[in-house]
Amino acid sequence: MRVFVVKKPNILSVIAVILAVCIALFALGTPMIVYAVRTSSGTSTIVIDAGHGGVDAGVVGRTTGMKESELNLEIAFLLGDLLKGLGFSVVYTRTNDTMLTTVTSDTRKRSDMFSRGKIINSARADVVVSIHMNYFPSDVRRGAQVFFARRDERSFSLAKCVQDMLNVLNSEHTKREYSPLTADKYILSCSSAASIIVECGFLSNPPDEKLLQDPQYKAALAEKIAQGICAYLG
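For clarity, every value in this text was computed on a predicted model and none was experimentally measured.

So, how was this worked out
Residues numbered from 1 in each chain as written. Predicted model: local features only at pLDDT ≥ 70, side-chain atom pairs only at ≥ 80, totals over all residues. Heavy atoms only, no water. Helix = DSSP H or I, 4+ residues; strand = E, 2+ residues; numbered from the N terminus. Buried < 20%, exposed > 50% of the residue type's maximum accessible area, 1.4 Å probe, protein only. Contact = heavy atoms within 4.5 Å. Polar contact = N/O pair within 3.5 Å; in protein donor to acceptor, adjacent residues only side chain to side chain. Pairing = 2+ DSSP bridges. Right-handed = clockwise from strand over helix to strand, strands pointing away. Salt bridge = Lys/Arg side-chain N within 4 Å of Asp/Glu carboxyl O. Lys, Arg positive; Asp, Glu negative; His and termini not counted. Axes fitted to C-alpha atoms, helices over the stretch in contact; angles between N-to-C directions. Parallel < 35°, antiparallel > 145°, perpendicular 65-115°, else oblique. Left-handed = near helix turned anticlockwise from the far one by under 90°. Nonpolar A, V, L, I, M, F, W, Y, C, P; charged D, E, K, R; others polar.

A. Examining the environment of N167 more closely. Looking at the element boundaries, N167 is found in helix α4 (residues 153–173). Using a relative accessible area of 4% as the deciding quantity, one classes N167 as buried. Distance from N167 to S179, taken between C-alpha atoms, is 8.8 Å for residues twelve residues apart in sequence. Not counting the four nearest positions on each side in its chain, N167 is found in contact with E177 and Y178. Of note is the side chain of N167, whose polar atom sits 2.8 Å from the backbone oxygen of Y178.

B. Looking closely at the pairing of strand β2 (residues 45–50). With six of six residues buried, β2 lies mostly within the body of the structure. Of the pairings in the sheet, the one linking β2 to strand β3 (residues 89–92) comprises four bridges and is parallel in character. Along β3, the bridge assignment pairs T45 with S89. The handedness of the β2 to β3 crossover, carried by helix α2 (residues 68–85), is right-handed. When β2 meets strand β4 (residues 127–134), the two strands line up parallel, connected through five bridges.

C. How the structure looks around the pattern of salt bridges. Tallied over the entire structure, the rule returns eleven salt bridges. R94 is the salt-bridge partner of D97, the closest N and O atoms lying 3.9 Å from each other. Between D164 and K160 there is a salt bridge, and its shortest N-O distance comes to 2.9 Å. Placement of the pair is D164 and K160 together in helix α4, with a separation of four residues, close to one helical turn. Given the relative accessible area of 37%, D164 is considered partly exposed. Overlapping salt bridges bring together K67, E70, R94 and D97 as one network.

D. A look at the side chain of K218. With respect to the secondary-structure elements, K218 resides in helix α7 (residues 215–233). Its relative accessible area of 7% is what places K218 among the buried residues. Ignoring any residue separated from it by four or fewer positions in sequence, one finds K218 in contact with L71, E74, I75, L78, L212 and Q213.

E. Region of the structure containing the side chain of E199. Note on placement: E199 falls in strand β7 (residues 194–202). Buried charge without a partner: E199 forms no salt bridge, and the closest opposite charge is K185, 7.1 Å away. In this structure the side chain of E199 is engaged in a polar contact, spanning 3.2 Å, whose partner is the backbone nitrogen of N134. Those residues in contact with E199 that sit more than four places away from it in its chain are H132, M133, N134, G143, A144, Q145 and F147.

F. Region of interest: the packing of α2 against α7. Two numbers describe how α2 lies on α7: the axes approach to 9 Å, and their chain directions differ by 50°. By the angle class used here, α2 and α7 are oblique. Judged by the twist between their axes, the crossing of α2 over α7 is right-handed. Within the contact between the two elements, α2 uses L71, E74, I75, L78, L79, L82 and L83 and α7 uses K218, A219, L221, A222, E223, I225, A226 and I229. Of the residues in the contact of α2 with α7, the class split is twelve nonpolar, no polar and three charged.

G. View of unusual backbone geometry. Located in the positive-phi region is R151, a residue other than glycine, with phi close to 65°. You can see R151 is positioned in the loop between β5 (145–148) and α4. What makes R151 exposed here is its relative accessible area of 75%. Phi is positive for K175, close to 65°, though the residue is something other than glycine. Here K175 lies in the loop between α4 and β6 (181–182). Using a relative accessible area of 69% as the deciding quantity, one classes K175 as exposed.

Put into structure tokens, the structure is as follows:
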């Protein structure tokens, strides 16, 4: 298991990356909101958790067969690059398609989740974002949905900020908006950090599945999540 911690870049590097991202998004016709990074109490640390990995592939695309674990990691890296460019300290729970455990028994999923919790707590995260893909028995459900732990006001605030940003994409592609929902998941309660799960779309829905193959749409997802995090920390 390897943990990569990215330190805050110098101001010229931050400006260069922000300009490059803005130019690229302008070329794609996607508006970009740039927020100032909180610096009075030091650099905020954000842990990005790409859900699943290795033999735990998660859900699989109904028409393409693409694995959730691979998509999660791809969007995690896109999000991390944006946040690093804005001056945040970024920690990934995983950086390749593996589980975070050497256990091979039926308890390996629990061991994997405990390993993720250790990384989050060791990093002293201010924010935790776990990236996932959704699935439903029928193909009627679609769109990006954010989850948080019940009775956790900070996580609710984070979830609301991120969901509001993702609703820009939801409105465009699904013609409706969503509210953040509660969930009872270990990753949401294993630390004192404000924590959310972002289900980026439904691999059981063909239009969502097609969007999740589009590099521009994946970049837009990462951008909206980053904007929501910045709004929360603002």
